[in-house]
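Structure assessment
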Amino acid sequence: MKCSVVRLCDKDVISVSNGCKIGVVSDVEFDSCTGNITSIVICGKQGFFGMGKTEDICIPWCDIQVIGEDSILVKTS
């Protein structure tokens, strides 16, 4: 299956272990030497009234189980 980075962003990321939504893909990281995607990045959540922010979550590419039309299923520890 072919998928562009633009289509990958804004997909919901769901944990296969508990079915909970982790967040939405906001970016990807890639190896500049090989051009391979190494991880997807989920933007941290804003705090109350926009104060503070949790850290971004990076999920390694090898932890992705399925990339669907609207969501991405990942294994989490």
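Everything that follows concerns the structure shown earlier in this document.
About the thresholds
- Residues numbered from 1 in each chain as written.
- Predicted model: local features only at pLDDT ≥ 70, side-chain atom pairs only at ≥ 80, totals over all residues.
- Heavy atoms only, no water.
- Helix = DSSP H or I, 4+ residues; strand = E, 2+ residues; numbered from the N terminus.
- Buried < 20%, exposed > 50% of the residue type's maximum accessible area, 1.4 Å probe, protein only.
- Contact = heavy atoms within 4.5 Å.
- Areas by Shrake-Rupley, 256 points an atom, 1.4 Å probe, with all protein chains shown as cover.
- Core = buried A, V, L, I, M, F, W, Y, C linked by side-chain atoms within 4.5 Å.
- Salt bridge = Lys/Arg side-chain N within 4 Å of Asp/Glu carboxyl O.
- Pairing = 2+ DSSP bridges.
- Axes fitted to C-alpha atoms, helices over the stretch in contact; angles between N-to-C directions.

Quick word on the overall build of the chain
Of the regular secondary structure elements, the chain holds one helix and six strands. For the chain, with 77 residues in total, the buried portion stands at 26%. A sequence separation of at least 24 residues applies to 32% of the contacts in the chain between residues at least 6 apart. Just so you have it, the chain exposes about 5500 Å², and 55% of that area is on carbon and sulfur atoms.

Section: the nonpolar core
Residues L8, C9, V13, I22, V25, V28, I40, I42, I59, I64, I72 and V74 constitute the largest nonpolar core, which totals twelve residues. For this core, the secondary structure elements donating two or more residues are strand 2 (21-30), strand 3 (37-42) and strand 6 (71-74). For this core, the element with the most residues is strand 2, which contributes three residues. Not counting the four nearest positions on each side in its chain, V25 is found in contact with L8, C9, D10, K11, V13, I40, V41 and I72.

Here we look at the pattern of salt bridges
Here the structure, examined in full by the defined rule, presents two salt bridges. A salt bridge links E69 to R7, with the nearest nitrogen and oxygen atoms 3.6 Å apart. Within this pair, whereas E69 is found in the loop between strand 5 (64-67) and strand 6, its partner R7 is found in helix 1 (residues 5-8), the two being separated by 62 residues in sequence. Judged by its relative accessible area of 61%, E69 is exposed. For the salt bridge of K21 with D12, the shortest nitrogen-to-oxygen distance reads 3.2 Å. When its relative accessible area of 27% is taken as the criterion, D12 is described as partly exposed.

A word on the sheet that holds strand 2
Reading across the sheet, the six strands line up as 4-3-2-1-6-5 and stay open at both edges, with mixed pairing between neighbours. Among the strands making up the open sheet, the edge pair consists of strand 4 (57-60) and strand 5. Ignoring strand direction, the axes of neighbouring strands in this sheet form an average angle of 40°. Pairing geometry for strand 3 and strand 4, over four bridges, is antiparallel. Bridged to S39 within strand 4 is P60.

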